[in-house]
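# Summary of the model geometry
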Amino acid sequence: MGTGIRYCFCMAPKEQPIIRQVFELLRRIGIPPSYLAFPVCLSLCTAVAEGASMSLLIPLLNGFLQRNFAFAKEVPVLGSIIEKLPPEVLANDRMLFAVILGGFITLFLTKNVLRYSTVLSIAYFSERALHHLRKALFTRYLSFGKLFFDRTNVGHHSTLLLEFAHLALRPVQTIDKYMNSMFSLAAYFIVMISISWRLTLVALPLFVVLHFTVRTMIVSIKKLSYGIAERGSALGKKSVEILSTIPLVKSSRMEREEQDNYTAISNGKSRMDFRARALQEMILPLQEIITITAVAIIFFGALYLFGRDRVASSSAIMVYFYIVMNASSKFGTLSGFRGTLAAATGPLSEVRRIFTEEGKFFVRGGSKHFAGIGSEIACKDLSFSYDDDRTVLQNVSFILAKGAMTAIVGPTGAGKSTLINLFMRYYDCAPKSIFVDGTDIREFTLESYLEHVALVSQETLLLHDSLRSNILYGIRREVADAELQRVLEQARLTEFVGKLTQGVDTLIGDRGVRLSGGEKQRVSIARALLKGADILILDEATSSLDSETEKLIQEAIDEAVQGRTSIVIAHRLSTIRNADKIVVVEDGSIAEEGDLETLLQNKGAFFRLWEQQKF
Ligand SMILES: Nc1ncnc2c1ncn2[C@@H]1O[C@H](COP(=O)(O)OP(=O)(O)OP(=O)(O)O)[C@@H](O)[C@H]1O
Ligand SMILES: [Mg+2]
């Protein structure tokens with residue numbers, strides 16, 4: 001078997017940029033990142049409208065204070081627009097004021113409409129992306145082999161689906177701000193150069209210092225992000241584990257210890273979360289302090305070096321100063337986004353791991369349609385191990401004849417249920433080890449094969465739903481009420497259902513907690529009988545029943561197995577008296593096989609088991 005999955009929560013040695021990883025993830029779930037172009041364009045239009053409305057504010061205030069708007073004709077861009085107005089408007093100061101005010105209000109309204117549209121489109125995109133990611137993750141989980149779930153923890157998976165998926169896509173939610181800052185920065189840079197290239201040359205190192213300061217912090221946030229993801233997962237594991245084993249916790253009086261364990265994990269996570277937040281929030285003030293200090297140095301340095309007149313006019317210097325401050329704030333938004341990206345690293349790597357092929361233990365079936373068993377199922381030299389260090393089945397060979405009842409007996413841990421697990425295709429067996437009518441079981445499609453197999457497993461699996469839904473689970477055809485009643489009767493459930501006020505529509509609780517062990521088992525039997533499959537597998541199906549009910553159910557089972565190929569595992573050997581063939585498994589190998597009479601005469605392994613049970 002392959003190697004197990006280790007959730008190491010460690011940084012990959014060479015990582016792709018995070019935004020690329022997010023985009024790759026989006027592509028994988030069928031959402032082209034190009035869909036983001038629309039909201040990003042909207043966000044840019046918002047920025048343009050904002051810039052334009054802000055720049056209109058200056059002549060508006062100027063004119064209002066001077067009570068004269070004639071100067072507006074001289075203002076670049078604005079002047080060329082105003083000139084197109086009719087001469088009577090141009091000559092009238094009040095009308096000019098009204099036009100500029102109208103323009104300002106229109107631009108302001110436009111900006112807000114655009115801004116809301118941007119937020120809406122980004123929100124729509126990210127919520128849909130999250131939905132598709134969850135859907136893809138869940139579909140992926142359903143495709144993994146049982147061994148994957150044997151080796152990982154359900155609490156981790158629940159955290160991954162609910163929390164990590166959300167965190168991994170967080171960068172998408174703020175991408176518009178990131179793009180907006182990038183474009184604004186580019187525009188600022190152009191304006192800065194046009195005002196004074198000398199000053200800009202001196203100002204550039206400021207951004208280099210800012211960049212490296214932020215980068216150092218980003219690396220720390222990234223490292224913390226893996227730790228936070230690890231603790232988040234541990235918290236999920238603990239919650240699910242403890243809440244699903246409450247009776248054990250209570251009977252062992254472990255409430256206090258479990259509370260302490262949970263508190264310790266939650267405390268660790270909270271402290272790490274705080275450290276990451278502290279770092280993330282430190283980026284902005286730190287870069288502001290660096291900017292102010294640098295701006296002061298640059299200004300006085302430049303003025304001292306070049307002289308005031310060689311730099312720019314005083315009003316241009318004012319504007320320049322204003323732009324540098326603004327640029328620094330945009331740089332802050334950009335850094336904040338990089339912080340968000342860094343914080344998404346841990347969850348993102350967990351989510352991406354679900355999409356890799358390693359350690360998923362797929363059981364993929366072949367392409368042949370299984371139309372039902374013709375003459376036999378044969379195991380040939382079947383060996384199997386769940387992990388590398390221990391062989392559970394070794395060179396097992398036997399034949400299950402069509403229409404016959406084959407019993408598998410043997411001590412606990414011998415490998416009986418493992419054999420069933422392989423027949424159920426929960427785990428992949430080695431090629432050419434199980435055959436149905438000479439065809440390797442691996443060549444059949446899983447759907448067509450499992451359609452013909454019904455199982456009552458040793459461990460009863462029930463859903464938090466009604467009795468009816470649990471019995472009908474997996475049955476895709478219409479089931480008439482009469483048929484359901486018949487199956488309830490066969491599984492000796494009619495009397496029990498009669499006592500329930502809501503009958504078959506009664507909710508049976510989480511994993512069927514509202515049912516007794518025997519009732520659960522009978523629900524499982526009813527489910528298998530209703531399936532009407534031609535191969536029926538019963539793994540300790542009646543072990544939780546009293547001998548009276550067992551006898552009654554045994555009759556129903558005997559009826560049901562008539563004409564069907566059945567495999568029955570039972571510790572109580574009396575229940576397999578009618579078997580056509582008994583296979584004795586000991587320590588993963590076949591110790592003996594034959595019918596009851598022969599085995600008793602042989603006085604071998606079966607005889608010993610039989611004699612033990614006689615008393
Ligand atoms: N999912 C698993 N991963 C690793 N080892 C497993 C797994 N399931 C079972 N085993 C091991 O395989 C061996 C055979 O287990 P199996 O469940 O087949 O026994 P069994 O014969 O059905 O026993 P019982 O009569 O108690 O049900 C056991 O030693 C068990 O520890
Ligand atoms: Mg078993």
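Above this text sits the structure in question.
Attention in this report is confined to the structure presented alongside it. Keep in mind the model is a prediction, meaning the values are calculated, not measured.

Conventions and cut-offs
- Residues numbered from 1 in each chain as written.
- Chains lettered and ligands numbered in written order.
- Predicted model: local features only at pLDDT ≥ 70, side-chain atom pairs only at ≥ 80, totals over all residues.
- Buried ≥ 20, exposed ≤ 12 C-beta atoms within 10 Å, placed from the backbone.
- Helix = DSSP H or I, 4+ residues; strand = E, 2+ residues; numbered from the N terminus.
- Pairing = 2+ DSSP bridges.
- Axes fitted to C-alpha atoms, helices over the stretch in contact; angles between N-to-C directions.
- Contact = placed C-beta atoms within 7 Å.
- Near = placed C-beta within 6 Å.
- Nonpolar A, V, L, I, M, F, W, Y, C, P; charged D, E, K, R; others polar.

### A word on the pairing of strand S9 (residues 581–586)
In terms of residue burial, S9 counts as a mostly covered element, since five of its six residues are buried. Relative to S9, strand S3 (residues 405–409) is paired through four bridges, and the arrangement is parallel. From the neighbouring strand, Ala407 faces S9, where its bridge partner is Ile582. Connecting S9 to the antiparallel partner strand S10 (residues 589–594) that follows it, the hairpin turn spans two residues, and Asp587 within it adopts a positive phi of roughly 50°.

### Things to note about the sheet that holds strand S7 (residues 535–539)
One open sheet holds the six strands; their spatial order is S6-S7-S8-S3-S9-S10, and the pairing between them is mixed. In this open sheet, the two edge strands, each paired with only one partner strand, are strand S6 (453–456) and S10. Within this sheet the neighbouring strands show an average axis-to-axis angle of 15°, counted without direction. The sheet strands contacting helix H20 (residues 517–531) are S6 and S7, and the helix crosses S6 at an angle near 170°.

### A word on the site of ligand 1
The full set of residues close to ligand 1 is Asp150, Tyr386, Val392, Gly410, Thr412, Gly413, Ala414, Gly415, Lys416, Ser417, Thr418 and Gln458. Here the shell around ligand 1 gets three residues from one element, more than from any other, and that element is helix H15 (residues 416–423). Within the shell around ligand 1, the residues separate by chemical class into three nonpolar, seven polar and two charged.

### Observations regarding the pairing of S6
In S6, alternate side chains face the same way, and those of Val453 and Leu455 on one face and Ala454 and Val456 on the other are all buried. Examined bridge by bridge, S6 and S7 share four bridges and lie parallel to one another. In the strand pairing of S7, Ala454 is matched with Leu536.

### A look at unusual backbone geometry
If you check the backbone angles, Asp381 has positive phi at about 50° while not being a glycine. As for its position among the elements, Asp381 is in strand S1 (residues 376–384). The phi dihedral of Arg511 falls on the positive side, at around 50°, and the residue is not glycine. Tracing the backbone through its elements, the reader meets Arg511 in the loop between helix H19 (494–499) and H20.

### Remarks on the sheet that holds strand S4 (residues 434–436)
Spatial ordering of the open sheet is given by S2-S1-S4-S5, a layout of four strands whose pairing is antiparallel. For this open sheet the edge positions go to strand S2 (393–401) and strand S5 (439–440), each flanked by a neighbour on one side alone. As defined by bridge partners, S1 adjoins S4 across three bridges and the pair is classed as antiparallel. When the sheet's bridge partners are listed, Ala378 is paired in S4 with Phe435.

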